[in-house]
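# Breakdown of the fold
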Amino acid sequence: GAVVSQHPSRVICKSGTSVKIECRSLDFQATTMFWYRQFPKQSLMLMATSNEGSKATYEQGVEKDKFLINHASLTLSTLTVTSAHPEDSSFYICSATKSKYQETQYFGPGTRLLVL
Amino acid sequence: SQQGEEDPQALSIQEGENATMNCSYKTSINNLQWYRQNSGRGLVHLILIRSNEREKHSGRLRVTLDTSKKSSSLLITASRAADTASYFCATDVGTASKLTFGTGTRLQVML
């Protein structure tokens, strides 16, 4: 199997606070994890690529100081949205691959963030 | 942007009919993948077709790839209400397994 979980599934927070989202591979070791953002009825936009034990690689236009990514183990990556603002409200989805040569990605169920 | 375009944006059909979705992309690829997303959920991988393949089947799914036109199509035969979802193509250009997703097609299959 290849199950990826995310926690929390949804979160509501006040503007200015920080929110941490966890992405876990439950039955495999994920050498690489990806973080995406999706607005309603739109496609997925890759935010960053996260490799265990190294710094994340951010896509152009994504603020690395605002979206902190930590890939501390082969089964866990976290995304922290710092000083969240209403425009950060979105659906955040992570995915993982079993090896750097694997072509398909296994996706988590997503986290819906609402910043008031 | 390298993001692919999909058409139609939305498709509504009756159960039992076939559904065809098209995807166009801009750069050379290693492979093209199709994913499905139920509303408010994560994505599920459906099928992968490599750049040297022209057609692939998986159950009720048929995918074609035309690299000269930089386009792909996904055909779902004998659709069911449970096929209602958004379908995305994603291209892999061979950079660290990164995928670039298309704009998606929202399919509704009515009973």
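Cut-offs and rules
- Residues numbered from 1 in each chain as written.
- Chains lettered and ligands numbered in written order.
- Predicted model: local features only at pLDDT ≥ 70, side-chain atom pairs only at ≥ 80, totals over all residues.
- Heavy atoms only, no water.
- Helix = DSSP H or I, 4+ residues; strand = E, 2+ residues; numbered from the N terminus.
- Rg over C-alpha atoms; globule rule 2.2 N^0.38 Å.
- Buried < 20%, exposed > 50% of the residue type's maximum accessible area, 1.4 Å probe, protein only.
- Contact = heavy atoms within 4.5 Å.
- Areas by Shrake-Rupley, 256 points an atom, 1.4 Å probe, with all protein chains shown as cover.
- Lys, Arg positive; Asp, Glu negative; His and termini not counted.
- Charge placed at Lys NZ, Arg CZ, Asp CG, Glu CD.
- Disulfide = S-S within 2.5 Å.
- Pairing = 2+ DSSP bridges.
- Axes fitted to C-alpha atoms, helices over the stretch in contact; angles between N-to-C directions.
- Core = buried A, V, L, I, M, F, W, Y, C linked by side-chain atoms within 4.5 Å.
- Buried area = accessible area lost by both parts, 1.4 Å probe.
- Salt bridge = Lys/Arg side-chain N within 4 Å of Asp/Glu carboxyl O.
- Polar contact = N/O pair within 3.5 Å; in protein donor to acceptor, adjacent residues only side chain to side chain.
- Nonpolar A, V, L, I, M, F, W, Y, C, P; charged D, E, K, R; others polar.

### Topic: the overall build of chain B
When helices and strands are tallied, chain B shows 0 helices and 11 strands. The helix and strand sequence of chain B, counted from the amino end, reads β-β-β-β-β-β-β-β-β-β-β. In terms of C-alpha radius of gyration, chain B reaches 13 Å, essentially the compact-globule figure of 13 Å for 111 residues. Scored against the burial criterion, the 111 residues of chain B give a buried share of 42%. Contacts in chain B between residues at least 24 apart in sequence constitute 56% of all its contacts with a sequence separation of at least 6. Counting every atom, chain B has about 5300 Å² of accessible surface; 44% of that belongs to carbon and sulfur. The distance from the centre of the 13 positive side-chain charges to the centre of the 10 negative ones in chain B is 5 Å.

### Side note on the state of the cysteines
All names here are of chain A. Counting across every chain of the model gives 2 disulfides over all chains. Sulfur-sulfur distance for the disulfide between C23 and C94 comes to 2.0 Å. Looking along the S-S bond of the C23-C94 disulfide, the torsion reads about 80°, which is the right-handed sense. Linking C23 in strand β3 (residues 19–25) with C94 in strand β9 (residues 90–97), this pair joins segments that are 71 residues apart in sequence.

### With respect to the sheet that holds β3(A)
Residue and element names in this part refer to chain A. The strand order across the open sheet built from 4 strands is β1-β3-β8-β7, with neighbouring strands paired in antiparallel fashion. Whereas interior strands pair on both sides, the edge strands pair on one side only; in this sheet they are β1 (4–7) and β7 (67–73). Neighbour-to-neighbour, the strand axes of this sheet turn through a mean angle of 15°, independent of strand direction. Note that β3 and strand β8 (residues 76–81) share 6 bridges and pair antiparallel. Bridge pairing links E22 to T78 in β8.

### Quick look at the nonpolar core
Ranked by internal contacts, the top residues of the largest apolar core, which has 23 residues, are W35(A), L79(A), Y92(A) and L113(A). When contributions to this core are tallied by element, the ones reaching two or more residues are β2 (10–13), β3, β4 (32–38), β5 (44–51), β7, β8, β9 and β11 (111–115) of chain A. The contacts of L113(A), once residues within four sequence positions are left out, are V11(A), C13(A), V19(A), V81(A), D88(A), S89(A), S90(A) and Y92(A). In this structure, Y25(B), Y87(B), C89(B) and V109(B) belong to the second largest nonpolar core, which totals 20 residues.

### Concerning the interface of chain A and chain B
Many structure descriptions define interface size as the accessible area lost when the parts assemble. Tallying the contact residues gives 22 residues for chain A and 22 residues for chain B. Carbon and sulfur atoms make up 51% of the area that chain A and chain B hide from each other, which totals about 1600 Å². For chain A, the biggest contributors to the area lost against chain B are S43(A), E103(A) and F107(A); these three give 31% of the whole. Here E103(A) ties to R50(B) by a salt bridge, and the two come within 2.6 Å at their closest N and O atoms. Seen at the junction of chain A and chain B, the total is 8 residue pairs in polar contact (both at pLDDT 80 or more). Top contributing element to the side of chain A that touches chain B by residue count: β5(A), with 4 residues. Grouping the amino acids of the side of chain A that touches chain B by side-chain chemistry returns 9 nonpolar, 8 polar and 5 charged.

### Structural notes on the side chain of D88(A)
Residues and elements named next belong to chain A. One can find D88 in the loop between β8 and β9. Its relative accessible area of 4% is what places D88 among the buried residues. Within polar-contact distance, the side chain of D88 engages the side chain of K66 at 2.9 Å. Discounting residues that sit within four places of it in the chain, D88 has contacts with R37, K66, F67, V81, S83, L113 and V115.

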